[in-house]
Amino acid sequence: MVSPYGKMGNHEMGPPWLIPMLSASYFIPCAVHGESNKSECNMFCLDCMGSAFCSSCLIYHRDHRVVQIRRSSYHNVVRVNEMQKYIDISCVQTYIINSAKIVFLNERPQPRPGKGVTNTCEICCRSLLDSFRFCSLGCKLGGMKRGDPDLTFALKLKQNRDPFFGGSESDDSSTPKKIRRTYAFNRLMDGLSIYSSNNDGAESSGDDAATNISPATLPNFNHRNARRRKGIPHRAPF
């Protein structure tokens, strides 16, 4: 089945690499570079969709989409800025760890929610903020398996790009603003230069006058009168 937002796998349950990424074993010694100092398998390739690998194996995944898996409280996490380029992580609560926003991969059951908790994960009952429904990507996947039509991992495409198969969504909204500012600045400088040339005796047309930005005319000020001291006042005769 093909999604209107892009190709999906496993009956609209997300991209084909999502389940392999969630179920992979991380932070185990690499079978190839086990004797290396950095032999922990904390990388996953979204193109190969195989097992996790260490940083020394990156040479075999050139030009591939690779994400780094990290750990927090013995649970696997991934940074939001890496994952949101490929899937929609809405409804999943994010956390800030070491000054970076992260999202958990799999569920973290919490049988006894804290006192005063009003919102919990719909799958594993972990305490959440009121604006979220799930505590991890795996729990959101579980909510989709229940048949919730409002849930999706698909990103809206930009310029016919498929985020699941080799496309990342970049926010280029800042570029037009910079262009507009530069254009306005150039118009301002052009207006000032036209104003300077008109003072030399050149006549401007009506169109040029509309675009000129000229300073307001200053009032006449007589400095000689300002420096003159008042004389002795003359009184009228009695």
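Residues numbered from 1 in each chain as written. Predicted model: local features only at pLDDT ≥ 70, side-chain atom pairs only at ≥ 80, totals over all residues. Heavy atoms only, no water.

1. Section: the overall build of the protein chain
So, point 1. Within the protein chain, the secondary structure is distributed over six helices and eight strands.
So, point 2. Along the protein chain, helices (α) and strands (β) appear in the sequence β-β-α-β-β-β-β-α-β-β-α-α-α-α when read from the amino end.
So, point 3. Scored against the burial criterion, the 238 residues of the protein chain give a buried share of 32%.
So, point 4. As displayed, the protein chain offers around 16,600 Å² of accessible surface, 51% of which is attributable to carbon and sulfur atoms. (Helix = DSSP H or I, 4+ residues; strand = E, 2+ residues; numbered from the N terminus. Buried < 20%, exposed > 50% of the residue type's maximum accessible area, 1.4 Å probe, protein only. Areas by Shrake-Rupley, 256 points an atom, 1.4 Å probe, with all protein chains shown as cover.)

2. Points about the side chain of Asn119
So, point 1. On the secondary structure map, Asn119 appears in the loop between β8 (100–104) and α3 (137–145).
So, point 2. Only 2.5 Å separates the side chain of Asn119 from the backbone oxygen of Leu129, close enough to count as a polar contact.
So, point 3. When near neighbours in sequence (up to four residues on either side) are disregarded, Asn119 contacts Arg126, Ser127, Leu128, Leu129, Asp130 and Phe132. (Polar contact = N/O pair within 3.5 Å; in protein donor to acceptor, adjacent residues only side chain to side chain. Contact = heavy atoms within 4.5 Å.)

3. What to know about the sheet that holds β8
So, point 1. The four strands are arranged β5-β6-β8-β7 in an open sheet whose pairing can be described as antiparallel. Unpaired on one side and paired on the other, β5 (70–72) and β7 (95–97) mark the two borders of the sheet. Between one strand axis and the next, the sheet turns by 55° as a mean value, whatever way the strands run.
So, point 2. Sheet analysis places strand β6 (residues 75–79) next to β8, joined by three bridges and oriented antiparallel. (Pairing = 2+ DSSP bridges. Axes fitted to C-alpha atoms, helices over the stretch in contact; angles between N-to-C directions.)

4. Focus on the pairing of β8
So, point 1. With four of five residues buried, β8 lies mostly within the body of the structure.
So, point 2. Bridging between β7 and β8 involves three bridges; their strand directions are antiparallel. Note that in β8 the partner of Ile96 across the bridge is Lys101.
So, point 3. Joining the antiparallel neighbours β7 and β8 is a turn of two residues, in which Asn98 adopts a positive phi near 55°.

5. Side note on the nonpolar core
So, point 1. Membership of the largest hydrophobic core comes to 43 residues, with the highest contact counts inside it found for Trp17, Met21, Val67, Met83, Ile87 and Leu137.
So, point 2. Looking at this core, the elements with two or more residues in it are α1 (18–23), β3 (43–45), β6, α2 (80–83), β8 and α3.
So, point 3. With sequence-adjacent residues up to four places away left out, Met83 is seen in contact with Trp17, Met21, Val67, Val78, Ile89 and Leu137. (Core = buried A, V, L, I, M, F, W, Y, C linked by side-chain atoms within 4.5 Å.)

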